[in-house]
Amino acid sequence: MTQPTLEEVRRAPKVVLHDHLDGGLRPATVVELAREVGHQLPVDDAESLGRWFAEAADSGSLERYLETFDHTVAVMQTHDALVRVAREFVEDLVADGVVYAEVRYAPEQHVQGGLSLDEVVAAVQEGFDAGVEAAGGRIVVRQLLTAMRHQARSMEIAELAVAWRDRGVAGFDIAGAEAGYPPTRHLDAFEYLQRENSHFTIHAGEAFGLPSIWQAIQWCGADRLGHGVRIIDDITVDADGQVTLGRLAAYVRDKRIPLEMCPSSNIQTGAAESISTHPIGLLTELRFRVTVNTDNRLMSGTSMTQEMALLVEAFGYGWEDLRWFTINAMKSAFLPFDERLAIIDEVIKPAYAKLIDQS
Ligand SMILES: O=c1[nH]cnc2c1ncn2[C@@H]1O[C@H](CO)[C@@H](O)[C@H]1O
Ligand SMILES: [Zn+2]
């Protein structure tokens, strides 16, 4: 059995549930848009800018990592810029072999140029539609609307997500600095979404530990965990390899709560030390509902292909493992059940069956 190569992984169908729109611009697009609006960038050519983002984001702290978004958000304040960024985003996902994507961003961060929240969502949807059409239907894309956890607009954004639920928005999320901003700060928004039979994920257990995960699940009712990597703090492994799960870790595994894991991003923010010591290895062995994601392709200089390939290299994963991650992700998508099943049965399974056959 040979290990999947980078090129083979690129061609395999992949699913991404955790990918930020404002974290996945092409460096060349940032340069062009910045010139149009007169935004001052730290460096002016695309190649150095790509490097600058990766280096500046590699800070060991989530707060400093997030500062780099000032430069992407600044150039995403007009209808045309949002359409372009959204369209290119889909093109890049298609080139990466992604067949289903949930792409998140915070509409409240894109109103400085005078757009309304509704106009922001409409512009992003226009870009996604154009990208999907150009790809001839090889990809399905949905929006997730994020509220910033240090702000106080979560109820408004939750209402926006519900208003757009049949027009391309599949769910809701909160993001931003985690320490000091617990999920329960936005409890009214989560309770509203539950009453509306709506879906949401919460960034939790990235820069803060178990209390954040516990609140996200047991107080707020999150369907999935953004990162959730610190669930490892509730798992002990003895010297003789005996594994014991605490009550929260057991709950997360028993209820099959999806973990949107983003290995490279975690190393940059200091949530994990390296790929080979990343908790994804143990969580996969213990059969948590693990999914693999990019988080921010620009800041991490990564792609779904690269995240998968890094895991192959670090843990010796083969096609069966990559198929498992992919099906886990598709099962956990905020898409209606029949549509999820169709992608699993008609796209993912046949492609991996062929790859497994050939290896
Ligand atoms: O990994 C992360 N943890 C927390 N917040 C994040 C992460 N990546 C991006 N954002 C934040 O989400 C906003 C909307 O997309 C971004 O502007 C950034 O501030
Ligand atoms: Zn994120």
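The structure contained in this document is the topic of the report that follows. Just so you know, these numbers come straight off a predicted model, no measurement behind them.

**Quick word on the overall build of the chain**
Inference 1: Summing up its helical and strand segments, the chain has 17 helices and ten strands in all.
Inference 2: In terms of its C-alpha atoms, the chain occupies a principal-axis envelope of roughly 60 × 45 × 40 Å.
Inference 3: Burial analysis of the chain (359 residues in total) assigns 57% to the buried set.
Inference 4: A gap of 5 Å separates the mean positions of the 32 positive and 54 negative side-chain charges of the chain.

**Here we look at the sheet that holds strand β3 (residues 140-148)**
Inference 1: With parallel pairing, four strands are arranged side by side in an open sheet as β1-β2-β3-β4. Each edge of the sheet is formed by a strand with only one pairing partner; in this case those strands are β1 (14-20) and β4 (169-175). Averaged over neighbouring strand pairs, the angle between their axes works out to 20 degrees when direction is ignored.
Inference 2: The sheet contact formed by β3 and β4 spans six bridges and is parallel. Bridged to L145 within β4 is F172.
Inference 3: Relative to strand β2 (residues 98-105), helix α6 (residues 79-95) is tilted by about 145 degrees, and along the sheet it contacts β1, β2 and β3.

**Remarks on the site of ligand 1**
Inference 1: Taken together, 16 residues are adjacent to ligand 1, and H20, D22, Q109, E206 and D295 come closest.
Inference 2: Taking G176, its main chain carries an N or O atom lying 2.9 Å from a nitrogen atom of ligand 1.
Inference 3: Between ligand 1 and the protein, one listed contact pairs an oxygen atom with a side-chain N or O atom of H227 at 3.1 Å.
Inference 4: Considered on its own, ligand 1 offers 420 Å² of accessible surface; in the complex 98% of this is hidden by protein.
Inference 5: Grouping the amino acids of the shell around ligand 1 by side-chain chemistry returns seven nonpolar, six polar and three charged.

**Structural notes on the coordination of the zinc ion (ligand 2)**
Inference 1: The protein atoms that coordinate the zinc ion (ligand 2) are H18 (NE2), H20 (NE2), H203 (NE2) and D295 (OD), at distances spanning 2.1 to 2.3 Å.
Inference 2: Around the zinc ion (ligand 2), the four donor atoms are arranged such that angles at the metal cover 82 to 169 degrees; this shape is classified as irregular.
Inference 3: Each donor residue of the zinc ion (ligand 2) belongs to the same chain, and together they define the spacing H-x1-H-x182-H-x91-D. Here H18 is found in strand β1, whereas its partner D295 is found in the loop between β10 (290-292) and α14 (297-300), with 277 residues between them in sequence.
Inference 4: Residue H18 is classed as buried on the basis of its relative accessible area of 0%.

**Things to note about the sheet that holds β10**
Inference 1: One open sheet holds the four strands; their spatial order is β5-β6-β9-β10, and the pairing between them is parallel. Pairing within the sheet leaves two strands with one partner each, and these edge strands are β5 (201-204) and β10. Each adjacent strand pair in this sheet contributes to an overall mean axis angle of 30 degrees, direction not counted.
Inference 2: As paired elements, strand β6 (residues 224-227) and strand β9 (residues 259-261) share two bridges and run parallel to each other.

**Considering the nonpolar core**
Inference 1: L21, F172 and F288 are the most contacted members of the largest nonpolar core, which has 111 residues in total.
Inference 2: Looking at this core, the element that brings in the most residues is α6, giving nine residues.
Inference 3: Setting aside residues up to four positions removed in sequence, L21 forms contacts with M76, V85, A86, F89, V103, R104, Y105, V124 and F128.

**Section: the packing of helix α7 (residues 117-134) against helix α8 (residues 154-163)**
Inference 1: At a minimum axis separation of 11 Å, α7 and α8 run at an interaxial angle of 45 degrees. The angle between α7 and α8 places the two elements in the oblique class. Our pair here, α7 against α8, has a crossing hand that is right-handed. Of α8, the residues touching α7 (which contributes L117, D118 and V121) are E156, I157 and L160.

**Notes on the pairing of β6**
When a strand is regular, its side chains alternate between the sheet's two faces.
Inference 1: Relative to β6, β5 is paired through four bridges, and the arrangement is parallel. Counterpart to A204 in the pairing with β6 is H227.
Inference 2: For the handedness criterion, the β-α-β arrangement of β5, helix α10 (residues 210-219) and β6 is classed as right-handed.

Reading the values: the criteria
- Residues numbered from 1 in each chain as written.
- Chains lettered and ligands numbered in written order.
- Predicted model: local features only at pLDDT ≥ 70, side-chain atom pairs only at ≥ 80, totals over all residues.
- Heavy atoms only, no water.
- Helix = DSSP H or I, 4+ residues; strand = E, 2+ residues; numbered from the N terminus.
- Buried < 20%, exposed > 50% of the residue type's maximum accessible area, 1.4 Å probe, protein only.
- Lys, Arg positive; Asp, Glu negative; His and termini not counted.
- Charge placed at Lys NZ, Arg CZ, Asp CG, Glu CD.
- Pairing = 2+ DSSP bridges.
- Axes fitted to C-alpha atoms, helices over the stretch in contact; angles between N-to-C directions.
- Contact = heavy atoms within 4.5 Å.
- Near = heavy atom within 4 Å.
- Polar contact = N/O pair within 3.5 Å; in protein donor to acceptor, adjacent residues only side chain to side chain.
- Areas by Shrake-Rupley, 256 points an atom, 1.4 Å probe, with all protein chains shown as cover.
- Nonpolar A, V, L, I, M, F, W, Y, C, P; charged D, E, K, R; others polar.
- Donors = N, O, S within 2.8 Å, 3.2 Å for Na, K, Ca; no water.
- Tetrahedral: all angles 85-135°; square planar, octahedral: opposite > 155°, others 65-115°.
- Core = buried A, V, L, I, M, F, W, Y, C linked by side-chain atoms within 4.5 Å.
- Parallel < 35°, antiparallel > 145°, perpendicular 65-115°, else oblique.
- Left-handed = near helix turned anticlockwise from the far one by under 90°.
- Right-handed = clockwise from strand over helix to strand, strands pointing away.

These values are about where atoms sit, not about what they do.
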